[in-house]
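Residue-level structure breakdown
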Amino acid sequence: MNDTVLLFHGIARTKKSMEKLAGFLSGHGYRVVNVGYPSTRLSISDLVDVIRPEIDDAVKKAGDGRVHFVGYSMGGLIIRAFLKNDRPPNLGRVVMVGTPNNGSQVADFLKGWPLYRRFYGPAGQQLTTDQTAMTELFGAVDYQLGIIAGNRTIDPVSSLIIGLSVPNDGKVSVESTRLDGAAAHIVIPANHTFLPVSRTMWKETLSFLKDGRFTE
């Protein structure tokens, strides 16, 4: 196999958080590019500009192999913003993991807090459920997309903010991960913070990259 997978971490994380998934996919024959970026310092559109050269380089090196994208949390939003204007000719499949496609109620609650603003930066303000300012940033989903959501929460405060009866992963509700045009959507028993190290997530990501569907 000469397919490449590009990995994108979440906000306030580094590419180190995606290393175990990278190792898993490498072990299944993929060439993996684990992309790092200053997630708390810039807006999503500016972050796309930062990572574009690394993506372009990976696409070039892929030759006639396909290029797949996997994004955890905000990493999925960065993929959406990138693919709107820069579709690789050899685009393969896309997997989003715990991505707040319709925003996060937790971000709504915290967005005005000075500590949140300072820690999460401009992109943190773009993770709210009011997505009206974001419509220009994201295009329609006209590529093969699989979405993985978690439904385990270990944070009672976040659960109160989102709603006790609303299935969520402690940061993002299952409903918020959904996106029109997605080919498949699956819910796994995982918490948002630990999704990147979930072996179930790894297995389902591999399944979608290989076959365009999840195992469940």
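For the structure, see preceding data.
In what follows, the accompanying structure is described.

Rules used in this analysis
Sequence order as written defines the numbering, with residues in each chain counted from 1. For this predicted model, a pLDDT threshold of at least 70 governs which residues receive local features, and a threshold of 80 or more governs which side-chain atom pairs are given and counted, while totals over whole chains, interfaces and linings are taken from all residues. To obtain the side-chain values, all non-hydrogen atoms of the structure were included, while hydrogens and water were left out. Here a helix means four or more residues in a row that DSSP labels H or I, a strand means two or more in a row labelled E, and each is numbered from the N terminus. A 1.4 Å probe rolled over the protein chains alone gives each residue an accessible area, and that area as a share of the maximum for its type sets the label: buried under 20%, exposed over 50%, partly exposed in between. Whether two residues touch is decided by their heavy atoms; if any such pair falls within 4.5 Å, the residues are in contact. A carboxyl oxygen of Asp or Glu within 4 Å of a side-chain nitrogen of Lys or Arg is what we treat as a salt bridge. Think of it this way: DSSP has to see at least two bridges between two strands before they count as a pair. Inter-axis angles, ranging from 0 to 180 degrees, are taken between N-to-C directions of lines fitted to C-alpha atoms, where helices are fitted over the stretch in contact.

Some remarks on the side chain of Thr177
Note on placement: Thr177 falls in helix α7 (residues 174-177). On the basis of relative accessible area, Thr177 is assigned to the buried category, the value being 1%. Discounting residues that sit within four places of it in the chain, Thr177 has contacts with Gly98, Thr99, Asn101, Ile147, Ala149, Val172 and His185.

Structural notes on the pattern of salt bridges
Two side chains with opposite charge may pair up if their charged atoms get near one another. Per the counting criterion, the structure on display carries 7 salt bridges. In this structure, the salt-bridge partner of Asp86 is Arg52, at a minimum N-O distance of 3.0 Å. Of the two residues, Asp86 is situated in the loop between α3 (74-85) and β4 (91-97) and Arg52 in helix α2 (residues 44-62); the sequence distance between them amounts to 34 residues. Taking relative accessible area as the criterion, Asp86 reaches 23% and is therefore assigned partly exposed. Taking the shortest distance from any N to any O, the salt bridge between Lys61 and Asp57 comes out at 3.1 Å. Taken together, the residues Lys61 and Asp57, both in helix α2 and 4 residues apart, mark about one turn of the helix.

Points about the environment of Ile147
Looking at the element boundaries, Ile147 is found in strand β5 (residues 145-150). Sequence-wise, Ile147 and Thr99 are 48 residues apart; in three dimensions their C-alpha atoms are separated by 8.1 Å. When near neighbours in sequence (up to four residues on either side) are disregarded, Ile147 contacts Met96, Asn101, Thr177, Arg178, Leu179, Ala182, Ala184, His185, Ile186 and Phe214.

What about the sheet that holds β5?
Spatially, β2-β1-β3-β4-β5-β6 is the arrangement adopted by the 6 strands of the open sheet, whose pairing is parallel. Each having just a single partner strand, β2 (31-35) and β6 (184-188) make up the two edges of the open sheet. Taken pair by pair, the neighbouring strands of this sheet meet at an average axis angle of 15°, ignoring direction. Relative to β2, strand β1 (residues 4-8) runs parallel, the two being bridged by 5 bridges. When the sheet's bridge partners are listed, Leu6 is paired in β2 with Val33.

Shape is all these values report; function is a separate question.
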